[in-house]
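Reading the structure
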Amino acid sequence: KVTLATGYTNSNENYIVRIHGARRVAFKHMRIQNISTNSYSRVVLLDFGAHVVDFDHCSLISGPTASSATSVIYAYNSQNGYHEPDSLTLANCIISGGYYSLYHRGRNARATGLKVDSCRIFQSYYMGAHIYYEQNASFTNNLVRFRAAPHGSAYGLYIYDIHEGKVTGNQLLGNKVRY
């Protein structure tokens, strides 16, 4: 297994892997870790219409943090005029840490084709998965386990405004966890 572990030095380059509008990118059997504990630290950043991105048997790890700007995987179109995140697949992955372990959201139109299957999502501060304004999202056969929620409650899975989605076979474990 290949390991890529580093931190960042400024808020403009706050990620380990950035997929900036790229298409058809695949990662297999990798460990990608952001060792920074600063605000806005991300492991994977997908933006500007990143399309058909696959992570298979990967470990994506960030330190725990109370900053709402921190996520292990952050997929969001940050600029007008670009396509929304499309066809992100996470299969058999470990996703650990961050305020959000997975943040996947449409902006001006629905993000499409998110597939999270047979993953283990651990140690989120607030949300294991934040899936918002989506078309055809699938979250199946995953284990989401929280550390104790320091602020009273946490969401294992937060889904809002999904069309034609599928959520089945998941386990949500932890104290005061909501979905």
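The structure reproduced in this document is the subject of the present report. (Residues numbered from 1 in each chain as written. Predicted model: local features only at pLDDT ≥ 70, side-chain atom pairs only at ≥ 80, totals over all residues. Heavy atoms only, no water.)

**Comments concerning the sheet that holds strand β20 (residues 171-173)**
Taken in spatial order, the seven strands of this open sheet run β1-β4-β7-β10-β14-β17-β20, and their pairing is parallel. Strands at the two margins of the open sheet, each flanked by one partner only, are β1 (2-6) and β20. In this sheet, neighbouring strand axes are inclined to one another by 10 degrees on average, regardless of whether the strands run parallel or antiparallel. (Pairing = 2+ DSSP bridges. Helix = DSSP H or I, 4+ residues; strand = E, 2+ residues; numbered from the N terminus. Axes fitted to C-alpha atoms, helices over the stretch in contact; angles between N-to-C directions.)

**Here we look at the nonpolar core**
Across soluble globular proteins, nonpolar side chains show a tendency to be buried alongside one another. Ile32, Leu46, Phe55, Leu60, Ile73 and Leu90 are the most contacted members of the largest nonpolar core, which totals 34 residues. Mapped by element, the contributors of at least two residues to this core are β2 (17-20), β4 (30-34), β5 (42-47), β6 (51-56), β8 (71-76), β9 (86-91), β15 (127-135) and β18 (154-163). Apart from the residues lying within four places of it in its own chain, the contact partners of Ile73 are Val44, Leu46, Leu60, Leu88, Leu90, Ile95, Ser101, Leu102 and Tyr103. Within the second largest apolar cluster, ten residues are counted, among which are Leu45, Tyr74, Tyr76 and Tyr99. (Core = buried A, V, L, I, M, F, W, Y, C linked by side-chain atoms within 4.5 Å. Buried < 20%, exposed > 50% of the residue type's maximum accessible area, 1.4 Å probe, protein only. Contact = heavy atoms within 4.5 Å.)

**Topic: the pairing of strand β11 (residues 100-105)**
Most of β11 sits inside the fold, with five of its six residues counted as buried. Sheet analysis places β8 next to β11, joined by five bridges and oriented parallel. Bridged to Tyr74 within β11 is Tyr103. With five bridges connecting them, β11 and β15 associate as parallel partners. For Leu102, the partnering residue across the bridge sits in β15 and is Ala129.

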